[in-house]
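Listed here are the chains, written in short residue letters.
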Amino acid sequence: MLPGLIVGGEMISSFRRNFLSGAAAFVATAALAPVRAQVTAKPKTRLVLLGTGGGPRIVAPGRSKSANLIVANGVPYVVDCGEGVAHQMVRAGVALSALRYIFITHHHSDHNLDYGNLVYDAWAAGLRAAVEAYGPPPIKAMTEAYWQLNRFDIETRIGDESRPDLRKLVTAHEFNAPGLVMQNADVKVTAARVRHPPIVHAYAYRFDAADRSIVISGDTTTSPELIALAKDADVLVSEVMHLGGLEALLKKVPNAATLRGHLLASHIVTQDLGKLAAAAGVKTLVLTHFVPPDDNSITDDMWTEGVRKHYKGEIIVGRDLMEI
Ligand SMILES: [Zn+2]
Ligand SMILES: [Zn+2]
């Protein structure tokens, strides 16, 4: 068991699914001993997709909004805080009070709407340690604004319940250029500026741990900077857009022409993603931030079809709470 973590039902079932599918494949060709060897060979640094839906919040059943969890040496690193991130962390079996690091890729609401609420919920769950939050501007002003919004409640609870001052636990680290974001004994985090107009400060993050490298694209169209950042990475978690699904989505909205222009200029369609992943030479490509997010007529094969034309590595169609 990793320190500081509680394993809940969701994570156990995810692990069991991975274990059973791996075991079934193995039993066909080998005895039990190699199955054990395969399980113990799983990377120690964990990746959990907390939310896989792209686009602004729509209150409806379906994928949770953008959020990813990397657990390195038992410490959680949250990348993006789309709506529902705290609930998804709990469902993933990670105690909110274990929160230590947050990274925001850019300031569209499907990536940051629950940033303040995540630290608040961690505080309510017993947070006592410092939280470091990294992101482009205006993350400092947003953090200050959140304290103002909730000043009455926070100050009431500090006095009433002897809680530590949440405002002193959280430090917002703002950066506006690519490069090294942070480094500790377990991970090195590097950012590349990606292409997501009209947003100037949109970043992808690369986490290099001792046993694996994981890149989270954030939102971007085809970006040479992302290809460079993801070079030879073990895992690239990338946004994806389905052109056919997009056209169907646009038929339902009054601002179709403007929205089509924005989506095509600032996001990546399946075929271009295949080219990007091949150019970067990543071992595994994980699809997330699906646009459209909840069109069940788009099957997994349809999501991967365009990608496969150009990319020969492993492709995983992401789902909320999937562990990779
Ligand atoms: Zn987005
Ligand atoms: Zn965006």
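The rules we used
- Residues numbered from 1 in each chain as written.
- Chains lettered and ligands numbered in written order.
- Predicted model: local features only at pLDDT ≥ 70, side-chain atom pairs only at ≥ 80, totals over all residues.
- Heavy atoms only, no water.
- Donors = N, O, S within 2.8 Å, 3.2 Å for Na, K, Ca; no water.
- Tetrahedral: all angles 85-135°; square planar, octahedral: opposite > 155°, others 65-115°.
- Helix = DSSP H or I, 4+ residues; strand = E, 2+ residues; numbered from the N terminus.
- Buried < 20%, exposed > 50% of the residue type's maximum accessible area, 1.4 Å probe, protein only.
- Pairing = 2+ DSSP bridges.
- Axes fitted to C-alpha atoms, helices over the stretch in contact; angles between N-to-C directions.
- 1 Å grid on protein atoms, 1.4 Å probe; cavity = no way out; pocket = protein on both sides within 12 Å on 5 of 7 lines; lining within 4 Å.
- Points joined across faces, edges and corners; volume = space filled by probe spheres on them.
- Nonpolar A, V, L, I, M, F, W, Y, C, P; charged D, E, K, R; others polar.
- Contact = heavy atoms within 4.5 Å.
- Parallel < 35°, antiparallel > 145°, perpendicular 65-115°, else oblique.
- Left-handed = near helix turned anticlockwise from the far one by under 90°.

K.L.:
Help me understand the coordination of the zinc ion (ligand 2) in this model?
P.N.:
When a metal carries six donors in an octahedron, the ideal angles between them are 90 or 180 degrees, while four donors in a tetrahedron ideally lie at 109.5 degrees. Every protein donor of the zinc ion (ligand 2) is listed here as His106 (NE2), His108 (ND1), His196 (NE2) and Asp219 (OD), and their distances to the metal cover 2.1 to 2.4 Å. Each of the four donor atoms around the zinc ion (ligand 2) contributes to a set of angles spanning 91 to 159°, which defines the coordination as irregular. Read in sequence order, the donor residues for the zinc ion (ligand 2) give the motif H-x1-H-x87-H-x22-D. A distance of 3.5 Å spans the gap from the zinc ion (ligand 2) to the zinc ion (ligand 1), which Asp219 bridges by coordinating each metal. Separated by 111 residues along the polypeptide, His108 in the loop between strand E4 (101-103) and helix H4 (109-112) and Asp219 in the loop between strand E10 (213-216) and helix H9 (224-229) bring together distant segments of the chain. Here His108 falls in the partly exposed class, since its relative accessible area comes to 24%. For Asp219, a relative accessible area of 2% translates into the label buried.

K.L.:
Explain the sheet that holds E10 here, please?
P.N.:
Read across the sheet, seven strands follow the order E7-E8-E9-E10-E11-E12-E13 without closing on themselves; strand pairing throughout is mixed. Among the strands making up the open sheet, the edge pair consists of strand E7 (179-183) and strand E13 (314-317). Looking at each pair of strands side by side, their axes are set apart by 25° on average, direction ignored. Where E7 lies against strand E8 (residues 187-193), four bridges are found, and the strand directions are antiparallel.

K.L.:
Looking at this structure, I do not really get the layout of surface pockets. What am I missing?
P.N.:
Think of a ball as big as a water molecule: rolled over the atoms, this probe shows where empty space is left. Reported here for the largest pocket is a volume of approximately 790 Å³. Every element with two or more residues in the lining of the largest pocket is listed here: H4, helix H10 (243-250), helix H11 (256-266) and strand E12 (284-291). Taken together, the residues that form the lining of the largest pocket break down as 13 nonpolar, 11 polar and nine charged.

K.L.:
I keep staring at the sheet that holds strand E3 (residues 75-79) and nothing clicks. Help me out?
P.N.:
In a beta sheet, neighbouring strands are held together by backbone hydrogen bonds and run either parallel or antiparallel to one another. Ordered by their spatial adjacency, six strands build an open sheet running E1-E2-E3-E4-E5-E6, and the pairing between neighbours is mixed. Looking at strand neighbours, the two that pair on one side only are strand E1 (46-51) and strand E6 (170-174), the edges of this open sheet. On average, each strand axis in the sheet is inclined to that of its neighbour by 20°, with strand direction left out of account. Bridge analysis of E4 against strand E5 (residues 131-135) gives three bridges, and the strand direction is parallel. When the sheet's bridge partners are listed, Phe103 is paired in E5 with Tyr134. The strands that helix H6 (residues 139-149) touches are E5 and E6; relative to E6, the one it contacts most, it runs at about 155°.

K.L.:
How should the coordination of the zinc ion (ligand 1) be read in this particular structure?
P.N.:
Every protein donor of the zinc ion (ligand 1) is accounted for by Asp110 (OD), His111 (NE2), Asp219 (OD) and His289 (NE2), and the metal-donor separations fall at 2.1 to 2.2 Å. Each of the four donor atoms around the zinc ion (ligand 1) contributes to a set of angles spanning 90 to 168°, which defines the coordination as irregular. Donor residues for the zinc ion (ligand 1), ordered by position in the chain, follow D-H-x107-D-x69-H. Judged by relative accessible area, which is 6%, Asp110 ranks as buried. Residue His111 is classed as buried on the basis of its relative accessible area of 1%.

K.L.:
Sorry if this is basic, but what is going on with the packing of H10 against H11 here?
P.N.:
When two helices pack together, their arrangement is given by the angle between the helix axes and by the axis-to-axis distance. The interhelical angle for the contact between H10 and H11, taken along N-to-C directions, is 155°, at an axis separation of 10 Å. Considering the angle they form, H10 stands roughly antiparallel to H11. As for the relative orientation of H10 and H11, their crossing is right-handed in sense. Seen from H10, the contacting residues are Leu243, Leu246, Glu247 and Leu250; seen from H11, they are Ala256, Leu259, Arg260, Leu263 and Leu264. Looking at the contact of H10 with H11, its residues break down into seven nonpolar, no polar and two charged.

K.L.:
For this particular structure, what's the right way to read empty space enclosed by the protein?
P.N.:
Counted according to the given criterion, the structure contains one cavity of 30 Å³ or more. Together, 15 residues line the largest cavity, and Ser66, Asn68, Gly218, Thr288 and His289 are the ones closest to its centre. Of all the elements in the fold, those that place two or more residues in the lining of the largest cavity are strand E2 (67-72), strand E11 (235-241) and E12. The class makeup of the residues in the lining of the largest cavity is three nonpolar, nine polar and three charged.

As far as function goes, none of this settles anything; it's purely spatial.
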